[in-house]
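Chain by chain, the residues run as shown.
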Amino acid sequence: MKKFILSCAIITSLFTAAFAENIFSHRFFEFKVDVPVSISNNLIAVDEILKKNVVIDLTEIADSIGTKGACVLASTTPTFGFKLDIPKGLVLGADLGIQADVSAGLSEQLFQFFGKGNAGSDDPTELKTSLKNTYADVFAFASVCGGWNGKKLKLTVDTNAFWALAHMEASDSYVRVYNNADKNVAGVEAKLDAKLYSAFDVTGDLSDIMALINQTINNIGFDVGFDANYELFRYLSVGATARVPIVPSRLPMLTSVGYDFNQEIDIGSMMGAGDSGSESGAGAGSGAEGESQEEAAGLQFSQASLLDTPYTIHRPMKLGVSADFHPFGTLLTTKGYFGVGIRHPFAKNKEEIQWYVDYALAGRLSLWNILSFNVSHSCYDQVFKNEFALEFNIRLLEIDVGVSSESTSFAKSFRGAGVGAFVTLCLGF
């Protein structure tokens, strides 16, 4: 009987401790390193490739692409910083980091042409379409965070200084596909005509690091972030967050980037039609010539020029609200977020301005805040992500790792059309 009572007491104590805060719950001071990486697309999923017989159904691809076209996104934001977070007291921190975002897109018209033909156009044997949502942004940033932990309200303000290192947009680029029935050939012609805005001359000497830093530091921009969390009930907290552009960063140098691709395929020769005489030899010769011209052209950079009016750029604007439901204390929590983002706000070229919706749903199971498991589904910066993360925390040291399946398509985010991963290391007390 005594053993039974003792066992019940131990189990009750452990169960109660799982719901309660403990010494592992919160660090007053910490250094933090965070390295996230992701790449995704909405065209091809892993389960479509990793099988014995791969079937390429152009009509199905055309239907799945929809009106958004094909899109490939890649991003990374490595950061390093420290934070002081005193319960019912001061919040103070600072971060340094690099943010890089790359997007490449093709119009849906190209896939409609391959999958369903182009019968509705004036020339059903040819299609010319521009690149869509093709850009690259690279920022360096430094932020200082200050705030206060109240009894129920936590309020923090982030002052962010950022330096745009480069911005590329390729809205004047295009892809042309055609079919010449008279000559029995098909071809692809592509032209990259991009504008690369930068803080320094990318075609010049890049070995003098200090000179490059001196040129970059003058194009400083600012934005401000606000974050508020209020404990509405014992089991429910609500919050609001915002990042508002204040001063844009300026890029004074312009370099034109060009690349030409032109390739024809002799359909008759490829299918084995006709004699293996002079006509086939001519077709092969023209193909080889096209390939040699392509290799000779390469990626072309113009001489960088100093702009009379520097190109101005902001980081994305963010507005959102959140809720944290925790009826069982730290044992089991669920979180939700909904917001909007605006990429390239205030850009002179209105085609560069992109509105999008951000949201997230997450659940966390924590065993005494030492070992925690997180699962989430989210859409941030136009990328759908399904993530699993593991946290190991012994107060002085915390290691978080996570992997995700993601895509710019909601459906294909569950099928491995892209991957993401992160590692976070925290040291403190």
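Here the structure is shown first, and the text comes after it.
For the structure given in this document, a descriptive report is provided here. Predicted, not measured: the structure shown is a model, and the values here were computed from it.

## Overview of the overall build of the protein
A count of helical and extended segments in the protein gives seven helices and 21 strands. A burial count over the protein gives 37% of its 429 residues as buried. Here the contacts in the protein between residues at least 6 apart in sequence split such that 68% fall between residues at least 24 apart. Of the roughly 23,900 Å² that the protein leaves accessible, carbon and sulfur atoms contribute 66%.

## Brief notes about empty space enclosed by the protein
Applying the stated rule across the entire model yields two cavities of 30 Å³ or more. When its volume is computed, the largest cavity comes out at roughly 40 Å³. In terms of lining, the largest cavity is formed by Q99, D101, D137, F139, H314, R315, P316, R343 and H344. Elements that contribute at least two residues to the lining of the largest cavity include exactly strand 4 (90–106) and strand 6 (135–149). Considering the residues around the second largest cavity, the lining is formed by Y311, T312, I313, H314, H344, P345, F346 and A347. Counted by class, the lining of the second largest cavity contains five nonpolar, three polar and no charged residues.

## Re the pattern of salt bridges
The tally for this structure, following the rule as stated, stands at nine salt bridges. D381 is paired through a salt bridge with K318; the nearest N and O atoms lie 2.7 Å apart. Within this pair, whereas D381 is found in the loop between strand 18 (371–380) and strand 19 (383–393), its partner K318 is found in strand 15 (residues 317–325), the two being separated by 63 residues in sequence. For K318, a relative accessible area of 15% gives the class buried.

## Section: the nonpolar core
Membership of the largest hydrophobic core is limited to 12 residues, which are F139, F141, F162, A164, Y197, A199, F200, L212, L251, L254, Y311 and I313. Counting nine residues, the second largest nonpolar core, distinct from the first, contains F113, L127, L131 and V175.

## Here's the deal with the side chain of T333
Examined against the element boundaries, T333 turns out to sit in strand 16 (residues 332–343). The contacts of T333, once residues within four sequence positions are left out, are D324, F325, H326, A362, G363 and R364.

## Things to note about the pairing of strand 15
Side-chain positions along a regular strand alternate between the two faces of the sheet. Looking at chain direction, strand 11 (residues 236–247) and strand 15 are connected through eight bridges and run antiparallel. For T241, the partnering residue across the bridge sits in strand 15 and is G320. Looking at chain direction, strand 15 and strand 16 are connected through nine bridges and run antiparallel. Paired with F325 across the strands is T334, a residue of strand 16. The antiparallel hairpin formed by strand 15 and strand 16 contains six residues in its connecting segment, where G329 sits at a positive phi of about 70°.

## Some thoughts on the environment of S413
Mapped onto the fold, S413 is located in the loop between strand 20 (397–407) and strand 21 (418–428). With a relative accessible area of 0%, S413 lands in the buried category. Counting along the chain gives 27 residues from S413 to N386, while the straight-line C-alpha distance between them is 6.9 Å. If we skip the residues at most four places from it in the chain, S413 touches F384, N386, S405, E406 and S407.

## So, the side chain of D223
Note that D223 resides in strand 10 (residues 220–233). By relative accessible area, which is 2% here, D223 ends up buried. Setting aside residues no more than four positions away along its own chain, D223 makes contact with D158, T159, N160, F162, R243, V244, P245, I246 and R315.

## Here's the deal with the packing of aromatic side chains
Tallied over the full model, the rule gives 13 aromatic pairs. Between F29 and F82 the ring centres are 6.0 Å apart and the planes differ by 40°, which places this aromatic pair in the tilted class. Of the two residues, F29 sits in strand 1 (residues 29–41) while F82 sits in strand 3 (residues 79–85), which places them 53 residues apart along the sequence. Since its relative accessible area comes to 21%, F29 is described here as partly exposed. A relative accessible area of 33% places F82 in the partly exposed class. Put simply, the rings of F29, F31, F80, F82 and F429 pair up and form one aromatic cluster. Across the ring face of F141, the terminal group of R315 is positioned such that the distance to the ring centre comes to 5.2 Å. Lying across the ring of F28, R395 places its NZ or CZ 5.1 Å from the centre.

Calculation criteria
Residues numbered from 1 in each chain as written. Predicted model: local features only at pLDDT ≥ 70, side-chain atom pairs only at ≥ 80, totals over all residues. Heavy atoms only, no water. Helix = DSSP H or I, 4+ residues; strand = E, 2+ residues; numbered from the N terminus. Buried < 20%, exposed > 50% of the residue type's maximum accessible area, 1.4 Å probe, protein only. Contact = heavy atoms within 4.5 Å. Areas by Shrake-Rupley, 256 points an atom, 1.4 Å probe, with all protein chains shown as cover. 1 Å grid on protein atoms, 1.4 Å probe; cavity = no way out; pocket = protein on both sides within 12 Å on 5 of 7 lines; lining within 4 Å. Points joined across faces, edges and corners; volume = space filled by probe spheres on them. Nonpolar A, V, L, I, M, F, W, Y, C, P; charged D, E, K, R; others polar. Salt bridge = Lys/Arg side-chain N within 4 Å of Asp/Glu carboxyl O. Core = buried A, V, L, I, M, F, W, Y, C linked by side-chain atoms within 4.5 Å. Pairing = 2+ DSSP bridges. Phe/Tyr/Trp six-rings, centres within 6.5 Å; stacked < 30°, edge-to-face > 60°. Lys NZ or Arg CZ within 6 Å of the ring centre and 35° of its normal.

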